[in-house]
Amino acid sequence: MMDPRILDRFRAIVGGDGLLTEPEQLRTYECDGLTNFRVLPSAVVLPTTTEQVQATVRVCHEAHIPFVARGSGTGLSGGALPIEHGIVISLARMVRILEVDIPNARVVVEPGVLNLSVTEAVAPAYFYAPDPSSQQVCSIGGNVAENSGGAHCLKYGFTTTHVLGLEVVLPDGSLVHLGGTTLDRPGYDLCGVFVGSEGTLGIATKVILRVVRRPALIQTLLAAFNSTNEAGAAVSGIIAAGVLPAAIEMMDNLAIQAAEAAVHANYPDCGGLLLVELDGPAAEVAALMTQVRAICTSCGAWELRVAQSEEERAAVWKGRKAAFAAMGRISPNYIVQDGVIPRTALPEVMSEIARLSGQAGLRVANVFHAGDGNLHPLVLYDARIEGQERRAERLAFSILELCVKAGGSITGEHGVGEEKKAFMSVMFAEPDLDTMQRVRCAFDPERLSNPTKVFPRPRLCAEKPGPYQPHPLETAGIAQLF
Amino acid sequence: MDDVATLLRDASRDGQAVIPQGGGTKLDWGQPPRRADLMLSTARLDRVLEHAWADMTATVEAGCTVARLQHSLAEHGQRLACDPLWPERATIGGILATNDNGTLRARFGGLRDLIIGVTLVLPDGTVAKSGGKVVKNVAGYDLPKLATGSFGTLAVITQAVFRLHPLPHETRTLTFAATRVEPLCELALAIQGSQLAFVSLQVRADGSAEPALDVGFEGERAGLDSQQDELLRLAAKLRRVDPPPAVWRTREELWQGTEPAVTGTFSVLPTELRAFCAQVHEVSTAPALGWRVVAQGVGVGHFRLEGATSDALVAPLQRLRAAAERRGGTLVVLVGPEDLKARLDVWGSPGDALPLFQRVKQQLDPQGTLSPGRFVGGL
Ligand SMILES: Cc1cc2nc3c(=O)[nH]c(=O)nc-3n(C[C@H](O)[C@H](O)[C@H](O)COP(=O)(O)OP(=O)(O)OC[C@H]3O[C@@H](n4cnc5c(N)ncnc54)[C@H](O)[C@@H]3O)c2cc1C
């Protein structure tokens, strides 16, 4: 239980209806999209203004209460998982679109605004490019914190490319403005550092976004192959030809079956399905589409369909965007994994995933952002069967190790959060993590803002910065100091 | 790299100030450092370590010149889609530290969008990596962005990893002239609001010649032809002229001319470009100054002002900065007479983030070893 005097102070800031303390109310906030981690927070505060966020954070700072920001709670790595004896600050009531400046392609929003609402605010001539599959429900604040991706980020860049400025409440309650409406403000690019920091550097209360002019023509090619290897060869062929599609997505047979069962996407029943979207001036799209079709055919595609009208394209994308949720149709439980590999490692990694899956006796469905090597293996299991969950977790983690070994990353878009913090040491050496944590100390010396996430071990900011630690190469005798 | 670590560690221990240097093309940008005991040249860290052409990424050492990197990438038909100043001499470390983006930014983003990994050596000798070798990666903080534009005041960049783009099959530049800059700025806005897929868009104006607008395209012939037709429709009221030689490098000329002069950079909203150009013209009328502007459609650009004395430049610069800041823009004096730099805040106001900048500096470079005083707010 939290000290009632503290609760009174929160109530004075956000009013009675802005504070949740009843266990059944708190239950809603005990986890995010990664439901196997659950912690009940001591309270949930729902501010409606930046000032209220500041005042709430100041109370936390004074009383040394850790806080976790929360947008829509769709995160898949436990980023918004509450901290015991801490509070959740939900941004779900800060949902105003503050400014739409079409001539400059800028939009200013509060953090609780949903991703899709930004596109709706600037449609039809413009759109907000980063489009996570959860775009109808996830918040811009969550996108900023996770540096979220989406199918169209291949061409247009991830969230970080589209966030020009932020208003941030620092963990001591002070307010800073990072970046701005104009580019290249002199000073350190802390806006760039904040994006993707998973709520560990403070709370974003205002976000300046860039929106993109909708291209003249958009076409989506659906190509059916016998295997993901053939489809993968086509992806490499397309990229090698110098074509930069707006999106290239791949699904394997299990993922296709699930999508069929869930939304009747009317996909061909095949071993490897590619969705290739091209956009741009009409003549350019036409020329490139001819080229892409030829490459697909030469790699073994036996069915090619081009979706052109808005409705046709929506139908094609529906299956892909529903892919995670669709797994529920073919398996009682599943783990969504998120790893990245260099695109060229795809065939090796795919056959290794198949081997591991066979070994574990568990099915793995694969959905990828193939253009940028971002894999989403979905490990299917049945929690009712003794021991399966553990085995599924182990399998999911060995797939991650595989990604790192192939020269990739443990996460391409879902974040480290609670789930993968131990894996940070697989990818980074101690001095790397230490340097990141020094940056964290500059923002949050008392470790109040989502303090237990991202890093395998906390660093005490009171430590004198900069103890020299030998690089692993050095200790291994590979490099030496002269 | 280990030499760098040892040197930095010893220098910070001894309280010396170290100035990292690449090609030396932009060492005079910003405030002169409070102190300079050692120059750390990256000239010998000049290798392209890996070009994973099939994955379209490259790892390069900081001292490699931009031209050398591009030359090496071109063997596989690829490039770093960035065209900074003086590529023959500028190094990768230098363009990153100064965030020197070129004209291709309109299409490919800035360096911050192209860099995917970095190796940094901190003043205490810590060698730290951040990011990685894949184009998509959200594990840990994005320190490549922290290093980009930090003017050598936080850490020495020793390696960088970039995402690459294919070399274009064909390029085309169309140039338009007018007697005044306003209609050109209008056209630049119209192009940005159109569905044309241009890669560069640049306004040139100066006190002695006619202003012009350059539009660059890349792609296949058929696509280029139809885009050209559409552009000519948009630009029907303007006169088409031949682009000057090396049109996309004309901003390099802003570092040449009569002295005393200042060369600086500004950033405004795209819609404010027109007012800003008009303002440069206006502040240069009485007393008469020589002036030149080369601006990108996205709102960032360079300018040069030449006066009879460095005194004569102060008030015009202050007026220009006020004009840029009116709608959230900025103006920075890069190069100019020392007495002028001493009298004018070359960086402009850092805003309410300065204490946070100072804490970041304190964490990474607590002794103030690296380029002390060169950057914003005396950092
Ligand atoms: C079906 C499904 C599909 C998905 N598809 C994708 C996809 O294609 N691509 C992708 O990248 N992700 C995807 N996700 C993951 C998730 O939707 C994104 O990570 C999203 O950005 C989270 O937003 P949210 O508002 O739900 O944030 P939350 O889950 O509430 O929070 C996420 C993190 O952000 C922090 N945070 C939230 N708001 C703020 C703020 N204002 N200031 C500071 N920190 C804050 C939290 O503390 C937490 O660490 C998917 C999720 C689901 C369930």
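Residues numbered from 1 in each chain as written. Chains lettered and ligands numbered in written order. Predicted model: local features only at pLDDT ≥ 70, side-chain atom pairs only at ≥ 80, totals over all residues. Heavy atoms only, no water.

Structural notes on helix H10 (residues 253-263) of chain A
All names here are of chain A.
Right, so step 1: Those residues of H10 that sit buried are Leu-254, Ala-255, Ile-256, Ala-258 and Ala-259.
Right, so step 2: Those residues of H10 that are buried are in contact with strand S13 (247-252), strand S14 (272-280), helix H12 (310-321), helix H13 (323-326), strand S18 (364-369) and strand S19 (374-381).
Right, so step 3: One or two positions beyond H10, positive phi appears at His-264, with a value near 45°. (Buried < 20%, exposed > 50% of the residue type's maximum accessible area, 1.4 Å probe, protein only. Helix = DSSP H or I, 4+ residues; strand = E, 2+ residues; numbered from the N terminus. Contact = heavy atoms within 4.5 Å.)

Brief notes about the interface of chain B and chain A
Right, so step 1: Facing the 82 residues of chain B at the interface are 88 residues of chain A.
Right, so step 2: For the pairing of chain B and chain A, the buried interface totals around 7000 Å² over both sides, and the portion due to carbon and sulfur atoms is 58%.
Right, so step 3: When the area that chain B buries against chain A is broken down by residue, the three leading residues are Lys-136, Val-138 and Tyr-141 of chain B, summing to 14%.
Right, so step 4: The tally of links from chain B across to chain A stands at five salt bridges.
Right, so step 5: Across the pair Lys-136 of chain B and Glu-413 of chain A runs a salt bridge, and its minimum N-O distance is 2.8 Å. (Buried area = accessible area lost by both parts, 1.4 Å probe. Salt bridge = Lys/Arg side-chain N within 4 Å of Asp/Glu carboxyl O.)

Points about the site of the ligand
All names here are of chain A.
Right, so step 1: Residues in close proximity to the ligand total 34 residues, the closest being Ala-69, Gly-71, Thr-74, Ser-134 and Ser-139.
Right, so step 2: At 2.8 Å, a backbone N or O of Gly-73 approaches an oxygen atom of the ligand.
Right, so step 3: At 2.7 Å, a backbone N or O of Gly-75 approaches an oxygen atom of the ligand.
Right, so step 4: Top element by residues in the shell around the ligand is helix H5 (residues 140-146). It accounts for five residues.
Right, so step 5: Considered class by class, the residues forming the shell around the ligand number 12 nonpolar, 18 polar and four charged.
Right, so step 6: Formed jointly, the shell around the ligand draws a minimum of three residues from each of two domains, domain 1 (4-90) and domain 2 (97-213). (Near = heavy atom within 4 Å. Polar contact = N/O pair within 3.5 Å; in protein donor to acceptor, adjacent residues only side chain to side chain. Nonpolar A, V, L, I, M, F, W, Y, C, P; charged D, E, K, R; others polar. Domains from an automatic or database assignment.)

Side note on a nonpolar patch on the surface
All names here are of chain A.
Right, so step 1: Residues Ile-97, Val-100 and Ile-102 make up a contiguous nonpolar surface patch of roughly 200 Å² in combined accessible area.
Right, so step 2: Looking at the element boundaries, Ile-102 is found in the loop between strand S5 (97-101) and strand S6 (106-109).
Right, so step 3: Exposure remark for Ile-102: the relative accessible area of 31% places this residue in the partly exposed category. (Patch = residues over 30% accessible without salt bridge, like charges linked within 9 Å, V, L, I, M, F, W, Y side chains within 5 Å. Areas by Shrake-Rupley, 256 points an atom, 1.4 Å probe, with all protein chains shown as cover.)

Structural notes on unusual backbone geometry
Right, so step 1: Put simply, Glu-259 of chain B and Pro-260 of chain B share a cis peptide bond, and its omega is -5°.
Right, so step 2: With respect to the helices, strands and loops of the structure, Pro-260 of chain B is situated in the loop between strand S13 (239-241) and strand S14 (261-267).
Right, so step 3: At Asp-184 of chain A, a position not held by glycine, the phi torsion is positive, near 55°.
Right, so step 4: Looking at where Asp-184 of chain A falls in the secondary structure, it is placed in the loop between strand S9 (175-179) and helix H8 (190-194).
Right, so step 5: Residue Arg-447 of chain A is not a glycine yet carries a positive backbone phi of 55°.
Right, so step 6: Its place among the elements puts Arg-447 of chain A in the loop between helix H17 (430-443) and helix H18 (472-475).

Thoughts on the domain arrangement of chain B
Residues and elements named next belong to chain B.
Right, so step 1: Domain boundaries in chain B define domain 1 (2-166), domain 2 (170-247) and domain 3 (250-349).
Right, so step 2: Contacts between the two partners involve 16 residues from domain 1, matched on the other side by 14 residues from domain 3.
Right, so step 3: Of the roughly 1300 Å² buried between domain 1 and domain 3, counting both surfaces, carbon and sulfur atoms make up 60%.
Right, so step 4: Looking at the side of domain 1 that touches domain 3, its residues break down into eight nonpolar, five polar and three charged.

Side note on the state of the cysteines
Right, so step 1: Across all of its chains, the model carries one disulfide over all chains by this definition.
Right, so step 2: Here Cys-441 of chain A pairs with Cys-461 of chain A through a disulfide, and the sulfurs are 2.1 Å apart. Taking the sign of the S-S torsion, -80° for the link of Cys-441 of chain A and Cys-461 of chain A, the bridge is left-handed. With Cys-441 of chain A in helix H17 and Cys-461 of chain A in the loop between H17 and H18, this residue pair connects regions lying 20 residues apart in the sequence.
Right, so step 3: By relative accessible area, Cys-441 of chain A is classed as buried at 3%.
Right, so step 4: Here Cys-461 of chain A falls in the buried class, since its relative accessible area comes to 15%.
Right, so step 5: We note that Cys-64 of chain B lacks a disulfide partner, and the nearest cysteine sulfur, in Cys-82 of chain B, lies 14 Å from it.
Right, so step 6: We classify Cys-64 of chain B as buried; its relative accessible area is 0%. (Disulfide = S-S within 2.5 Å.)

A short note on the pairing of strand S16 (residues 300-306) of chain B
Residues and elements named next belong to chain B.
Right, so step 1: Counting buried positions along S16 yields seven of seven residues, so the element is predominantly enclosed.
Right, so step 2: By the alternation rule, side chains of S16 split into Val-300, His-302, Arg-304 and Glu-306 and Gly-301, Phe-303 and Leu-305, which are all buried.
Right, so step 3: One ladder, built from seven bridges, connects S14 with S16; its direction is antiparallel. Paired with Val-262 across the two strands is Leu-305, which belongs to S16.
Right, so step 4: Pairing of strand S15 (residues 290-296) with S16, which is carried by six bridges, proceeds in the antiparallel orientation. Following the sheet pairing, Ala-295 is matched in S16 by Gly-301. (Pairing = 2+ DSSP bridges.)

What about the domain arrangement of chain A?
All names here are of chain A.
Right, so step 1: By domain assignment, chain A separates into domain 1 (4-90), domain 2 (97-213), domain 3 (217-325), domain 4 (331-405) and domain 5 (433-481).
Right, so step 2: Summarising the inter-unit geometry, the C-alpha centres of domain 1 and domain 2 are found 22 Å apart.
Right, so step 3: Between domain 1 and domain 2, the residue contacts involve 14 residues of the former and 18 residues of the latter.
Right, so step 4: When the two sides are added together, the surface that domain 1 and domain 2 hide from each other amounts to roughly 1200 Å², 62% of it contributed by carbon and sulfur.
Right, so step 5: For the pair domain 1 and domain 2, the interface holds zero salt bridges.
Right, so step 6: At the boundary of domain 1 with domain 2, the tally comes to four residue pairs in polar contact (both at pLDDT 80 or more).
Right, so step 7: Within the residue set of the side of domain 1 that touches domain 2, elements represented by two or more residues are helix H3 (50-63) and strand S3 (67-70).
Right, so step 8: Of all the elements, H3 adds the most residues to the side of domain 1 that touches domain 2, at six residues.

A few points about the environment of Leu-20 of chain A
Residues and elements named next belong to chain A.
Right, so step 1: Among the structural elements, Leu-20 can be located in strand S1 (residues 19-20).
Right, so step 2: For Leu-20, a relative accessible area of 13% translates into the label buried.
Right, so step 3: Taking the C-alpha atoms as reference, Leu-20 lies 46 Å from Leu-274; in sequence the two are 254 residues apart.
Right, so step 4: For Leu-20, the residues in contact, after removing those within four places along its chain, are Gln-25, Leu-26, Tyr-29, Ala-43, Val-44 and Leu-46.

Focus on helix H4 (residues 115-122) of chain A
Because the α-helix completes a turn every 3.6 residues, residues three or four places apart line up on one side.
Right, so step 1: Taken as a whole, H4 of chain A has its buried residues at Asn-115, Val-118, Thr-119 and Val-122 of chain A. The arc enclosing the buried residues of H4 of chain A, seen along the axis, measures out at 95°, which places them on a common side. (Arc of directions from axis to C-beta.)

Brief notes about the packing of helix H7 (residues 182-192) of chain B against helix H9 (residues 273-283) of chain B
All names here are of chain B.
Right, so step 1: Here H7 crosses H9 at 155°, and the two axes come no closer than 9 Å. Here H7 is positioned roughly antiparallel relative to H9, judged by the angle of their axes. Every pair of crossing elements has a handedness; the one defined by H7 and H9 is right-handed. Facing H7, whose interface residues are Glu-182, Cys-185 and Glu-186, H9 presents Leu-273, Arg-274, Cys-277 and Ala-278.
Right, so step 2: Across the contact of H7 with H9, the residue classes tally to four nonpolar, no polar and three charged. (Axes fitted to C-alpha atoms, helices over the stretch in contact; angles between N-to-C directions. Parallel < 35°, antiparallel > 145°, perpendicular 65-115°, else oblique. Left-handed = near helix turned anticlockwise from the far one by under 90°.)

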